[in-house]
Amino acid sequence: MKYADIILPLPLENTYTYLIPSDLEGSVIPGCRVLVHFGKKKYYTGIVMRISERIPKTTFEIKEIYALLDVTPVLRRPQLRFWQWIASYYLCKLGDVYKAAVPSGLKLESETIVEYYEDFESDIPLRRNEQTVLDAFTTKMKLSVSELEKKTGLRNVVPILSSLMARGAVGISEEIKRGFVPKLETFVRLAKEYKEENKLQEAFSVLKRAPKQEALLICYLDISHVLNPQLTKEVTKKELQEQSGYSPAIVDALIKRGILESYEKEIGRLQSSICRLQPLTPLTDAQEKAYDEIYDIFKTKDVCLLHGVTSSGKTEVYTHLIGDVLEKGRQVLYLLPEIAITTQITERLAKLFGDKLLVYHSKFSDNERVEVWNKLLHENTPRLVLGVRSSLFLPFKDLGLIIVDEEHENTYKQQDPAPRYQARNAAVILANMHGGKTLLGSATPSIDSYYNALTGKYGLVKLSARYGERLMPEIVSVDIKELKRKKIMKDTLFSPLLVQQINTALEKGEQSILFQNRRGFAPMIECKECGWVPHCINCDVSLTYHKYHNRLECHYCGHKDVLPKQCPQCQSTDIRMVGFGTEKVEEEVASLFPSAKVERLDFDSARTRSSYERIINDFEKGKTDILIGTQMLSKGLDFAHVSVVGILNADSLMNYPDFRAHERAFQLMVQVSGRAGRREKRGVVILQTSQPEHPIIRLVQHVDYKGMVNLQLSERSLFRYPPYHRLIVLVIRSRDEHILQQMAVLHADKLRTRLGERVLGPVTPPVTRVQTFHVRKILLKIEATAAIAPVREIIEGIHAEMQRYLPFKQLLVHYDVDPV
């Protein structure tokens, strides 16, 4: 008998052992998907990790594999090793990694289906929530639990369903959800017998009395070139209808006569590039020098950091390196921090590499993501994959190079749910597993990466001048505190200098970018009489006012509330907006510059792939004069006609309780500034601040990256922060604050007995409650030179000790390794 150790897409520590049925013994191999029964009723898609003939030591009944889903593995060999590294280093479960790594379309699982019994009559009145659930069954008598929650707006319908089941109103069953569905299209072809000339003549004779069918057949012969084998092409039924102008009934009539045949064929959802390929742009002397230096470094090191100022042409260097790797028949992964940038760079790379380019990110549908996965799995052609952090989990065969562009961006770090991995660091490990190289690129590298380059762990290459010797933008700071004191900026967000510069740009037909790193209209509203502020019912934060929807929203849990007409505490109607977001900026821009075409780029305005692309394409083509946005604007976008950039509130970037706040503020301001003057004319950046003498503001004005690094490194060395120490945050959550505090203190004390002063806390974070859960954090500061394996053993050992306490089992606990 053979047994399989299987990974399930659940937050479970280990694999689970299943018996391989005798008829599948030769077919089940590591990397294949199997459907297995787990728990009382549920079925899940598991991944086979290993096969064994050893009988497992267990008192439980070993279940059989229910079904084999693949003839060949859906994972390549390095992938499972990479998953294990992620789970081990980031202190999460292997099941969490599986869930994040594999597209949903490849994960079949059972779904709870609720059936309404139409003949049900209640003896006693139903509760309001019970009636709401039954009212959802208007057109369909069977609904899934997720459909019910969506229709009713209730967050948890399970207790209500239990009550309705007891009354005999509904029944519950499990059904396997359908996964990936290939896209099929109907094609038409000439029946085999009519390919002979005499038979075709007969067909035309028969069709003399049906002129529409005759014309349609002539049209088909013209499109398909079926009589010329060298030019023959397949014709879809839709294409034939469109080209001929006839209805489906005419096509069906020819099929009924047996002259044409219809057949279905799987077609890809992925758009293929049909443009003529362009040659690579020749490198400038500075770019050529950087290109040669990168190759020299790759002879002795696996990782190189390319530190190039904004608009220095880093992408040109990347494309030449990509071309070299593809020529060798290997694969390249080009990582970007944000989906927004993929829109611009996709067009650029498609013109250079054509069908070798594949794009992969979360705005793709499940079916599209499965198609990308399958292409990489089954094809052996050299491929360039452009994507965001999740692209690391694709089934690469032979990665020669990973490029991590804008490597400083904190969006490379996954936050929730687990695995909370840092894609930049994981990319280095993945490339190493394939025997490939990693190139990190940025105008403002993360201090961690720059320190690794300074200490010789990574190679360092610099591009110090802009492409075509263009000047860096002039950065002018404006003291808004002084302007407000003099009543010059009394009821406006814009300084006179910024208004003047935007007007000048509009007169010259140039574009402007306005940066405010907060979406919505106002971060909070406040009663002027008593100081009342509306808070989220689930989180310990004030609600943000969104004028477009005229409602208050929580940016942590999504809770929505109506805007009150009067204060619920003192009944005053004098409610004012405090602070400003991108919506308020948009409103003021419309009143100051009425003739300008204005767009907003933030999470609210660009929720879909098409809206992202439309906003960026319109700005690129000059249809938009002023673009307002959040940090999405700072991420490597290239616009030719931007001459003015306005940073509306630099203080909000710096005044944040985080040791990386000043580093991040510098990076954001320099990156946003870099969007100005990227062609012939020098751009100008207006930096509005109430602290013009602040060291970070001064460093931004002179684009003094080295000065910023030196300032930050001296502080971090003193207070034991990265890159000198590694941080691990233990996050503990509970709805019961008393038990939470008690267990957090106990956990910290146990850690302290083994790790000493390296343990800080437990501490209450700035936002003490999120999604109804109170939060405590324990911070571990581990020396960067210390081996991580013994530390991991201590952490896991103490976690196992804590499991003996019954209250601890009620808590939600996770680890955040290398938090950002």
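What counts as what
Residues numbered from 1 in each chain as written. Predicted model: local features only at pLDDT ≥ 70, side-chain atom pairs only at ≥ 80, totals over all residues. Heavy atoms only, no water. Pairing = 2+ DSSP bridges. Helix = DSSP H or I, 4+ residues; strand = E, 2+ residues; numbered from the N terminus. Axes fitted to C-alpha atoms, helices over the stretch in contact; angles between N-to-C directions. Contact = heavy atoms within 4.5 Å. Buried < 20%, exposed > 50% of the residue type's maximum accessible area, 1.4 Å probe, protein only. Parallel < 35°, antiparallel > 145°, perpendicular 65-115°, else oblique. Nonpolar A, V, L, I, M, F, W, Y, C, P; charged D, E, K, R; others polar. Core = buried A, V, L, I, M, F, W, Y, C linked by side-chain atoms within 4.5 Å. Salt bridge = Lys/Arg side-chain N within 4 Å of Asp/Glu carboxyl O. Patch = residues over 30% accessible without salt bridge, like charges linked within 9 Å, V, L, I, M, F, W, Y side chains within 5 Å. Areas by Shrake-Rupley, 256 points an atom, 1.4 Å probe, with all protein chains shown as cover. Lys, Arg positive; Asp, Glu negative; His and termini not counted. Charge placed at Lys NZ, Arg CZ, Asp CG, Glu CD. Phe/Tyr/Trp six-rings, centres within 6.5 Å; stacked < 30°, edge-to-face > 60°. Lys NZ or Arg CZ within 6 Å of the ring centre and 35° of its normal.

A. Examining the sheet that holds strand 14 (residues 357–360) more closely. Pairing within the open sheet is parallel, and its seven strands lie in the order 14-15-13-16-17-12-18. Single-partner strands in this sheet number two, and they are strand 14 and strand 18 (459–463). Taken over all neighbouring pairs, the strand axes of this sheet differ in orientation by 20 degrees on average, direction set aside. One ladder, built from five bridges, connects strand 16 (residues 399–405) with strand 17 (residues 437–442); its direction is parallel. From the neighbouring strand, Ile 403 faces strand 17, where its bridge partner is Leu 439. Most of the contacts of helix 14 (residues 423–433) go to strand 16, to which it runs at about 165 degrees, and overall it touches strand 12 (303–308), strand 13 (331–335), strand 16 and strand 17.

B. Focus on the sheet that holds strand 20 (residues 511–515). With parallel pairing, six strands are arranged side by side in an open sheet as 19-29-28-20-27-26. The strands lining the two open edges of the sheet, one partner per strand, are strand 19 (474–479) and strand 26 (598–601). Adjacent strand axes in the sheet meet at a mean angle of 20 degrees when their direction is disregarded. Packing of helix 17 (residues 496–507) onto the sheet brings it into contact with strand 19, strand 20, strand 27 (626–629), strand 28 (642–647) and strand 29 (684–689), and relative to strand 28 it is tilted by some 160 degrees. Lying on the sheet, helix 18 (residues 582–592) is in contact with strand 20, strand 26 and strand 27; it crosses strand 27 at an angle near 160 degrees.

C. Structural detail: unusual backbone geometry. Of note, the bond from Ala 418 into Pro 419 is cis; its omega dihedral lies within 30 degrees of zero at 5 degrees. With respect to the secondary-structure elements, Pro 419 resides in the loop between strand 16 and helix 14. Here the amide bond leading from Pro 722 into Pro 723 is cis, since omega sits at 10 degrees, within 30 degrees of zero. For Gln 571, which is not a glycine, the phi torsion comes out positive at approximately 65 degrees. Checked against the element boundaries, Gln 571 lands in the loop between strand 24 (560–562) and strand 25 (575–578). Its identity as a non-glycine residue notwithstanding, Thr 772 has a phi of 75 degrees, on the positive side.

D. Quick look at the side chain of Ser 446. Among the secondary structure elements, Ser 446 is positioned in the loop between strand 17 and helix 15 (447–454). With residues up to four places along the chain from it excluded, the contact list for Ser 446 reads Glu 407, His 408, Arg 424, Glu 663, Gln 667 and Tyr 705.

E. Highlighting the environment of Tyr 805. Note on placement: Tyr 805 falls in the loop between helix 25 (788–802) and helix 26 (806–809). Tyr 805 sits in the partly exposed class, given a relative accessible area of 32%. Along the primary structure Tyr 805 and Val 478 are separated by 327 residues, whereas in three dimensions their C-alpha atoms are 57 Å apart. The residues touching Tyr 805, leaving out its near neighbours within four places in the chain, are Met 743, Leu 746 and Lys 750.

F. Up close: the packing of helix 15 against helix 23 (residues 705–718). Look at helix 15 against helix 23: their axes get within 11 Å of each other, and the N-to-C directions meet at 95 degrees. In terms of axis orientation, helix 15 runs roughly perpendicular to helix 23. In this structure, helix 15 contributes Ile 447, Asp 448, Tyr 450 and Tyr 451 to the contact, and helix 23 contributes Tyr 705, Lys 706, Met 708, Val 709, Gln 712, Leu 713 and Arg 716. A per-class count over the contact of helix 15 with helix 23 returns seven nonpolar, one polar and three charged.

G. Region of interest: the nonpolar core. Counting residues in each nonpolar core, the largest one holds 148 residues, and the members touching the most others are Trp 83, Tyr 334, Leu 392, Leu 439, Met 669 and Ile 728. When neighbours within four sequence positions are excluded, Tyr 334 is seen to be in contact with Thr 315, Tyr 318, Ile 322, Ile 345, Leu 349, Leu 384, Val 385, Leu 386, Gly 387, Ile 403 and Asp 405. Listed in part, the 23 residues of the second largest apolar core include Leu 493, Val 585, Val 598 and Leu 648.

H. Main features of the pattern of salt bridges. Tallied over the full model, the rule gives 40 salt bridges. The partner of Lys 299 in a salt bridge is Asp 296, and the shortest N-O contact between them spans 3.5 Å. Using a relative accessible area of 46% as the deciding quantity, one classes Asp 296 as partly exposed. A salt bridge links Arg 600 to Asp 602; the shortest N-O distance between them is 2.9 Å. Judged by relative accessible area, Arg 600 falls into the buried class, the value being 10%.

I. Focus on a negative patch on the surface. Taken together, the side chains of Glu 118, Asp 119, Glu 121 and Asp 123 present a region of like negative charge at the surface. Of note, Glu 118 is situated in the loop between strand 6 (110–116) and helix 3 (128–135). Residue class for Glu 118 comes out exposed when judged on its relative accessible area of 64%.

J. Highlighting the packing of aromatic side chains. Inspection of every chain in the model, using the stated rule, returns 18 aromatic pairs. Taken together, a centroid distance of 5.8 Å and an interplanar angle of 90 degrees make the contact between Trp 85 and Tyr 90 edge-to-face. You can call Tyr 90 buried: its relative accessible area is 1%. Arranged with centres 5.5 Å apart and planes meeting at 25 degrees, the rings of Tyr 116 and Phe 137 form a pair that is stacked. Of this pair, Tyr 116 sits in strand 6 while Phe 137 sits in the loop between helix 3 and strand 7 (142–144), and the two are 21 residues apart along the sequence. Judged by relative accessible area, Tyr 116 falls into the buried class, the value being 18%. In textbook terms, an aromatic cluster arises when at least three aromatic residues are bridged by ring pairs, as seen for Phe 82, Trp 85, Tyr 89, Tyr 90, Phe 393 and Tyr 421. One residue, Arg 189, lies across the ring of Tyr 263, its end atom 4.2 Å from the ring centre.

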